[in-house]
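Below, each chain spelled out in residue letters.
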Amino acid sequence: MKLPKEFLLSELLNHNVKGNAILNYGLGENVWMHPPVHRILGWYSRPSNFDLKRNVWKLNQISQLIDNDIYVKGDPAISDVATLNRFPNLVEANVVNSEGSKIGLIADFLFDMKTGNIKFYLISRSNPKIPGSSRWKLNIEQIIDQQPGLVFCSCVSLEDLPLIKSSFKNQLFKKGKKIIDRFDDIKNTATGRLENWLEEDEDINKTLELDRNSFYNGEKEVGSFRINKEDEPWI
């Protein structure tokens, strides 16, 4: 299978590493990267659950992808967990906004398979290991600074970032918000119509009252004209 041009770290780690049809190096465990330049150098796999050693691979050792297996060429570098944990890594680092508040965690990233350059990071609101959680896109240009375990960005909240993958909870929240907004629109329209109807009714009542007053005033004028006519001495 032809290697993809771009690949997600999570997909890389979910593949089983093989040297050939018989030699199995286990599943990918974590990334080997150079954070200052946002570049992935390789990754390491775990041969078995009871093995303390780790097999470290470079990206250029990947020869092909077949189903859920990554076939590599050459031998791995052998290391241990304690040594690898000292390597700088931005995965699961806290993302801090421009106001100094934590807004999420680095959950994943997309990288170029040939150069290892990271295209963008994917942010999770909480624990990235929770299945089906939402992912927001953080571009390299939005990163102001970084320290071990911390990434500082120029945005204020996750809502400032493009939503790449929405969780069921987030989708349900959005649908509920749309229904509430729709209900508010209907309520506002009905309220507006009712107010207009009441104003029209008030105008009608004022018109009827004016007509009634005009009628009574007309009767008074006719009556006083008759009284004055009877008082005339020549009649």
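Just so it is clear, the model here is predicted, and its values are computed rather than measured.

Focus on the environment of Lys2
Inspection of the secondary structure puts Lys2 in the segment before strand S1 (6-8). Placed 61 residues apart in sequence, Lys2 and Ser63 show a C-alpha to C-alpha distance of 8.9 Å.

Thoughts on the nonpolar core
Ranked by size, the top nonpolar core spans 35 residues in total, and within it Leu12, Trp43, Phe109, Phe111, Tyr121 and Ile123 carry the most contacts. Top contributing element to this core by residue count: strand S10 (residues 102-112), with four residues. Not counting chain neighbours up to four residues away, the residues in contact with Leu12 comprise Phe7, Ile40, Trp43, Ile62, Ile70 and Phe111.

Regarding the layout of surface pockets
Of the pockets and cavities examined, the largest pocket occupies roughly 590 Å³. Along the walls of the largest pocket sit 20 residues, with Ser10, Leu13, Val91, Glu92 and Ala107 positioned nearest its centre. If you list the elements that add at least two residues to the lining of the largest pocket, you get helix H1 (9-13), strand S3 (24-34), S10 and strand S15 (163-165). Its residues placed into classes, the lining of the largest pocket shows nine nonpolar, five polar and six charged.

A short note on the pairing of strand S7 (residues 69-72)
Burial along S7 is two-sided: the residues Asp69 and Tyr71 and Ile70 and Val72 are all buried. Sheet topology note: the strand S2 (residues 16-18)/S7 ladder contains three bridges and is parallel. Looking at the pairing, Val17 lines up with Ile70 of S7. Of the strand pairs in this sheet, strand S6 (residues 62-66) and S7 are connected by four bridges, and their pairing is antiparallel. For Ile62, the partnering residue across the bridge sits in S7 and is Val72.

Cut-offs applied
Residues numbered from 1 in each chain as written. Predicted model: local features only at pLDDT ≥ 70, side-chain atom pairs only at ≥ 80, totals over all residues. Heavy atoms only, no water. Helix = DSSP H or I, 4+ residues; strand = E, 2+ residues; numbered from the N terminus. Core = buried A, V, L, I, M, F, W, Y, C linked by side-chain atoms within 4.5 Å. Buried < 20%, exposed > 50% of the residue type's maximum accessible area, 1.4 Å probe, protein only. Contact = heavy atoms within 4.5 Å. 1 Å grid on protein atoms, 1.4 Å probe; cavity = no way out; pocket = protein on both sides within 12 Å on 5 of 7 lines; lining within 4 Å. Points joined across faces, edges and corners; volume = space filled by probe spheres on them. Nonpolar A, V, L, I, M, F, W, Y, C, P; charged D, E, K, R; others polar. Pairing = 2+ DSSP bridges.

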